[in-house]
Amino acid sequence: MFDYLTLKLIWWLLVGVLLIGFAIMDGHDMGVGALLPVIGKDDTDRRVMINSVAPHWDGNQVWFITAGGAIFAAWPFVYATAFSGMYWALLLVLFALFFRPVGFEYRSKLTNPAWRTAWDWGLFAGSAVPALVFGVAFGNLFQGVPFHLDDTMRSFYSGSFWALLNPFALLTGVVSLSLLALQGATFLAHRSEGALQARARTAGNVLVIVLLAAFSGAGVWVSQIDGYVIASIPDIGSALNPLMKTVTRQPGAWFANYQKLPILWLVPALAYLGGLLVLAGLRGGKTLLAFVGSSLACLSVILTAGIALFPFILPSSEHPVSSLTAWDATSSYVTLNVMFWVALIFTPIVLAYTSWAYHVMRGKITREFITANDKALY
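Scope of this entry: the structure provided in the associated data block.

### Details of the overall build of the protein chain
Within the protein chain, the regular secondary structure consists of 14 helices and six strands. Its C-alpha atoms give the protein chain a radius of gyration of 21 Å, within 12% of the compact-globule value 21 Å for 378 residues. Across its three principal axes, the protein chain shows a C-alpha extent of roughly 65 × 45 × 35 Å. By residue count, 49% of the 378 residues in the protein chain fall in the buried class. Contacts in the protein chain between residues far apart in sequence, at least 24 positions, make up 79% of those at least 6 positions apart. As presented, the protein chain carries roughly 16,900 Å² of accessible surface, and 72% of it is formed by carbon and sulfur atoms. Charge separation in the protein chain, taken as the distance between the mean sites of 21 positive and 18 negative side-chain charges, equals 9 Å.

Shown next, in the form of structure tokens:
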């Protein structure tokens, strides 16, 4: 049996794994959707793109849903504060996501070009908007979220939706959008052929440059932001509430974990390695290598942000002591322990089934295949 402190660390890691899984798995079908009006030059091209992710897109949503459920169960303070304070941003994501299932199902029901074009833009919005908002949310974490807790642990949010769209957050939004679009471009390059594949490879070459430039710019910007430091806290292995600590803000504090353990600098370095693999794979015709490279970039970008923030999960700009951390925003020992064993049992099952499904559905989606199966495909 694990002690309480170990379980707190385990669930910080597991939530990170879920976010990485979402970026890699759901990221490539969101990326394809975001590229739909960009590189799909005619209806058949766009049907090839849609059907390249058709067998898996709904299953990939499980990563997103499970991440939300894990935050609710493992970090209830974070769930309550973020989902109420950022209500309009989350509604925007939810409304955008509505376009995905109906877009996939109804787009090809009619042959009318206006009908199909409208759903193409719906799929684009349902893919690009969430990708952008997720990055904007991470950008606001580094600056602090305007909320505070009262003595009864009720949260009060004093910000607005428009305040979330500040310059730094929009830059991190570009990081997120370009990351998922790159994931879609490399996946499509692997699953398609001919002119469409060539356009996917071109898009991938551009997106990897945008991603690394935005990632580098965000890193430099973060170094200029006052980070958060826990000045004092009781035993972190015990049950705590967020107001039992002292928090200060210091210049460059978001790099403190990297300074304490320099080997962690290898994590952001993996983003650049992934970018090089993408370039090498796309230019050398090794599309699977390119997809591995973009997946490595997904892992690196999310871990880089997570390590910088740790142990903070939801920093408060209004009242730093109210900041929620991995030590004091967690559920009870029993809850974390039960959830751990459930995750230990079911995660390998999900991974095994997902691997089997991708193995069965492997292969190229071609224009000829779409034409021959016109009535049976999306």
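The discussion continues.
### Some thoughts on the packing of helix α2 (residues 43-53) against helix α6 (residues 113-143)
Axis separation between α2 and α6 bottoms out at 12 Å; the angle between their running directions is 40 degrees. It follows that α2 is oblique to α6 by the angle criterion. When the axes of α2 and α6 are compared, the crossing they make is left-handed. Where α2 abuts α6, its residues D43, R46, R47 and I50 lie against R116, D120 and L123. Of the residues that constitute the contact of α2 with α6, the class distribution is two nonpolar, no polar and five charged.

### Observations concerning the nonpolar core
In terms of nonpolar packing, the biggest core is built from 100 residues, with W11, I39, M49, W75, F142 and W254 touching the most fellow members. Per-element tally for this core: the top contributor is helix α1 (residues 4-39), with 17 residues. Apart from the residues within four sequence positions on either side, W11 is in contact with A70, A74, W75, L336, M339, F340 and A343.

### Brief notes about the pattern of salt bridges
A complete count under the given rule lists eleven salt bridges for this structure. A salt bridge links D43 to R107, with the shortest nitrogen-to-oxygen separation between them at 2.6 Å. Residue D43 is found in helix α2, and its partner R107 is found in the loop between α5 (87-106) and α6; the two are separated by 64 residues along the sequence. Judged by its relative accessible area of 24%, D43 falls in the partly exposed class. Through salt bridges with shared partners, a single ionic network connects D43, R46, R107, R116 and D120.

### Examining unusual backbone geometry
With an omega of 5 degrees, the peptide bond between F310 and P311 qualifies as cis. Positive phi, normally seen in glycine, also occurs at M153, with a value near 70 degrees. Within the secondary structure, M153 is located in the loop between β1 (147-149) and β2 (155-157).

### Observations concerning the packing of aromatic side chains
In the structure shown here, the tally under the stated rule is 29 aromatic pairs. Each ring, one from F104 and one from Y378, has its centre 5.8 Å from the other, and the planes form 45 degrees; the classification is tilted. Separated by 274 residues along the polypeptide, F104 in helix α5 and Y378 in the segment after α14 (367-372) bring together distant segments of the chain. For F104, a relative accessible area of 5% puts it in the buried group. Joined through ring pairs, the aromatic side chains of F142, F168, W221, Y228, W254 and F312 make up one cluster. Above the face of the Y4 ring, K8 is positioned so that its terminal group lies 4.5 Å from the ring centre.

### A closer look at the side chain of N60
By secondary structure assignment, the location of N60 is in helix α3 (residues 57-74). Judged by relative accessible area, N60 falls into the buried class, the value being 3%. Those residues in contact with N60 that lie beyond four places of it in its chain are M25, D26, H28, D29 and Y358.

### Re the side chain of N337
Inspection of the secondary structure assignment puts N337 in helix α13 (residues 333-360). Given a relative accessible area of 10%, N337 falls into the buried group. Contact partners of N337, with chain neighbours within four places excluded, come to M1 and L7.

### Quick word on a nonpolar patch on the surface
Taken together, the side chains of V334, V338, V342, I345, F346 and I349 make up a nonpolar region of the molecular surface, amounting to roughly 570 Å² of accessible area. One can find F346 in helix α13.

### So, the environment of D42
Within the secondary structure layout, D42 lies in the loop between α1 and α2. Counting along the chain gives 102 residues from D42 to G144, while the straight-line C-alpha distance between them is 44 Å. A distance of 3.2 Å separates a polar atom in the side chain of D42 from the backbone nitrogen of T44. A polar contact is formed between the side chain of D42 and the backbone nitrogen of D45, at a distance of 2.8 Å.

### Digging into the environment of R191
Assignment of secondary structure puts R191 in helix α8 (residues 167-191). Look at R191 and you get buried, because its relative accessible area is 6%. R191 sits 68 residues away from Q259 along the chain, and the two C-alpha atoms are 42 Å apart. Residues within four places of R191 in sequence aside, it is in contact with S52, M361, G363, K364 and I365. Looking at R191, its side chain comes within polar contact range of the main-chain oxygen of M361, at 3.2 Å.

Criteria and cut-off values
Residues numbered from 1 in each chain as written. Predicted model: local features only at pLDDT ≥ 70, side-chain atom pairs only at ≥ 80, totals over all residues. Heavy atoms only, no water. Helix = DSSP H or I, 4+ residues; strand = E, 2+ residues; numbered from the N terminus. Rg over C-alpha atoms; globule rule 2.2 N^0.38 Å. Buried < 20%, exposed > 50% of the residue type's maximum accessible area, 1.4 Å probe, protein only. Contact = heavy atoms within 4.5 Å. Areas by Shrake-Rupley, 256 points an atom, 1.4 Å probe, with all protein chains shown as cover. Lys, Arg positive; Asp, Glu negative; His and termini not counted. Charge placed at Lys NZ, Arg CZ, Asp CG, Glu CD. Axes fitted to C-alpha atoms, helices over the stretch in contact; angles between N-to-C directions. Parallel < 35°, antiparallel > 145°, perpendicular 65-115°, else oblique. Left-handed = near helix turned anticlockwise from the far one by under 90°. Nonpolar A, V, L, I, M, F, W, Y, C, P; charged D, E, K, R; others polar. Core = buried A, V, L, I, M, F, W, Y, C linked by side-chain atoms within 4.5 Å. Salt bridge = Lys/Arg side-chain N within 4 Å of Asp/Glu carboxyl O. Phe/Tyr/Trp six-rings, centres within 6.5 Å; stacked < 30°, edge-to-face > 60°. Lys NZ or Arg CZ within 6 Å of the ring centre and 35° of its normal. Patch = residues over 30% accessible without salt bridge, like charges linked within 9 Å, V, L, I, M, F, W, Y side chains within 5 Å. Polar contact = N/O pair within 3.5 Å; in protein donor to acceptor, adjacent residues only side chain to side chain.

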